[in-house]
Amino acid sequence: MTNVPRGVAQARSLVSDFAPDVVLATGGYVAVPVGLAARMCRRPLVVHEQTVRLGLANKVLARAGAQIAVSAQSSVALLPEGSQGTAVVTGNPVRPEVLTGQPQRAAEGLGFTGHDPELPTVYVTGGAQGSAQINTNVRDILPWLLTRANVVHQCGANNVDALRESAQGLDPALAQRYHLTAFVGPELPDVLALADVVISRSGAGTIAELTALGKAAVFIPLASSAGNEQAHNARHLQESGAAVALLGEVNPANLQAAVEPLLADPATRDAIASQARSKGMPDAAERLVDVLLAAAN
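Residues numbered from 1 in each chain as written. Predicted model: local features only at pLDDT ≥ 70, side-chain atom pairs only at ≥ 80, totals over all residues. Heavy atoms only, no water.

Here we look at the overall build of the chain
Argument step 1. Helix and strand counts for the chain come out as 14 helices and 10 strands.
Argument step 2. Over its C-alpha trace the chain gives a radius of gyration of 21 Å, about what one expects of a compact globule, namely 19 Å for 297 residues.
Argument step 3. Contacts in the chain between residues far apart in sequence, at least 24 positions, make up 66% of those at least 6 positions apart.
Argument step 4. Counting only carbon and sulfur atoms, one obtains 52% of the accessible surface of the chain, whose full area is about 14,200 Å².
Argument step 5. In the chain, the 21 positive side-chain charges and the 25 negative ones have mean positions that sit 10 Å from each other. (Helix = DSSP H or I, 4+ residues; strand = E, 2+ residues; numbered from the N terminus. Rg over C-alpha atoms; globule rule 2.2 N^0.38 Å. Contact = heavy atoms within 4.5 Å. Areas by Shrake-Rupley, 256 points an atom, 1.4 Å probe, with all protein chains shown as cover. Lys, Arg positive; Asp, Glu negative; His and termini not counted. Charge placed at Lys NZ, Arg CZ, Asp CG, Glu CD.)

Points about the environment of A273
Argument step 1. Summarising the element assignment, A273 is placed in helix α13 (residues 266-279).
Argument step 2. For the pair A273 and G241, spaced 32 residues apart in the sequence, the C-alpha separation amounts to 9.1 Å.
Argument step 3. Ignoring sequence-local partners within four residues, the contact set of A273 consists of G214, K215 and A216.

Regarding the sheet that holds strand β7 (residues 178-181)
Argument step 1. Sheet architecture is open: six strands sit in the order β7-β6-β5-β8-β9-β10, paired in parallel fashion. Sheet topology places β7 and β10 (244-245) at the edges, where each strand pairs with a single neighbour.
Argument step 2. Pairing of strand β5 (residues 121-125) with strand β8 (residues 197-200), which is carried by three bridges, proceeds in the parallel orientation. Bridged to V124 within β8 is I199.
Argument step 3. On the sheet, helix α10 (residues 204-213) packs against β8 and β9 (216-219) and is oriented at approximately 160° with respect to β9. (Pairing = 2+ DSSP bridges. Axes fitted to C-alpha atoms, helices over the stretch in contact; angles between N-to-C directions.)

Overview of the sheet that holds strand β2 (residues 45-49)
Argument step 1. The strand order across the open sheet built from four strands is β1-β2-β3-β4, with neighbouring strands paired in parallel fashion. The open sheet terminates on both sides in strands that have one partner only, identified here as β1 (23-25) and β4 (88-89).
Argument step 2. Across three bridges, β1 lies against β2 in parallel orientation. Residue pairing across strands places L24 opposite V46, the latter belonging to β2.
Argument step 3. Across the sheet, helix α3 (residues 56-63) is in contact with β1, β2 and β3 (67-70); its angle to β2 comes to roughly 145°.
Argument step 4. Taken strand by strand, helix α14 (residues 284-296) contacts β1, β2, β3 and β4, and its axis lies near 160° from that of β2.

Observations regarding the pairing of strand β6 (residues 150-154)
Argument step 1. Among the five residues of β6, five are classified as buried, and the element is accordingly described as predominantly covered.
Argument step 2. Burial along β6 is two-sided: N150, V152 and Q154 facing one way and V151 and H153 facing the other are all buried.
Argument step 3. In terms of strand pairing, β5 meets β6 through five bridges, oriented parallel. Paired with T125 across the bridge in β6 is Q154.
Argument step 4. Crossover connection from β5 via helix α6 (residues 132-145) to parallel β6: handedness right-handed. (Buried < 20%, exposed > 50% of the residue type's maximum accessible area, 1.4 Å probe, protein only. Right-handed = clockwise from strand over helix to strand, strands pointing away.)

See the structure below:
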């Protein structure tokens, strides 16, 4: 705490010298000194909240008079009272290339020769490093899952060998529909376009992408996320019928129970995907730029 005044003083010097037309803060403790310095230097400050609930840093800056942009309409009511009337719902920007995937290119791009186009495809991802929780639970339901779907499993480099060894015990007819990979690179937009169901964490970026695309998802929130934000993100979508969320204990049985209706009934899957799409804002970047330009002017 003793470094906060020093940080504000240093930030004030930087902001004064640089003289920006507008300052954008996206949260985290490092944003507070710069945001306060912007206000002290009478520079417009825009705060963008990526998650459903406002983080502590953004609450401080909201009370300092920042223009607030949020990713979801439900977040407006959680803002300090003085900010609610001027808050703008922009959504959370996504990478443009994510929105341009072509499903017919996915299997070839991955080298997934056993993909069966007559079956739905499940994309499993725990992020770049992989998730032991997601990986192990998916591993345990693979014999069941592969009778109903193709599976693309992005597991992280440290987990490939163990999962590949485990998959050797699968029936060969099922194993051909399972594509295990450490990392999905440039082919990600095509993989997302192909996926009928996604099993993943529920970070702000992931949710922004999956809702912009309108994907039926089963979310397994990271329990250690700051302020339990991933659980709040997932719960928000589940309550509006836009996702399925495993908010308590996660085990193979309840993961299978969550996925089964999405694979068994295309109408159920499509209804959740449609609700997800209604929450998505593929033009979020443009909306946020408009807020920044308006504040600068």
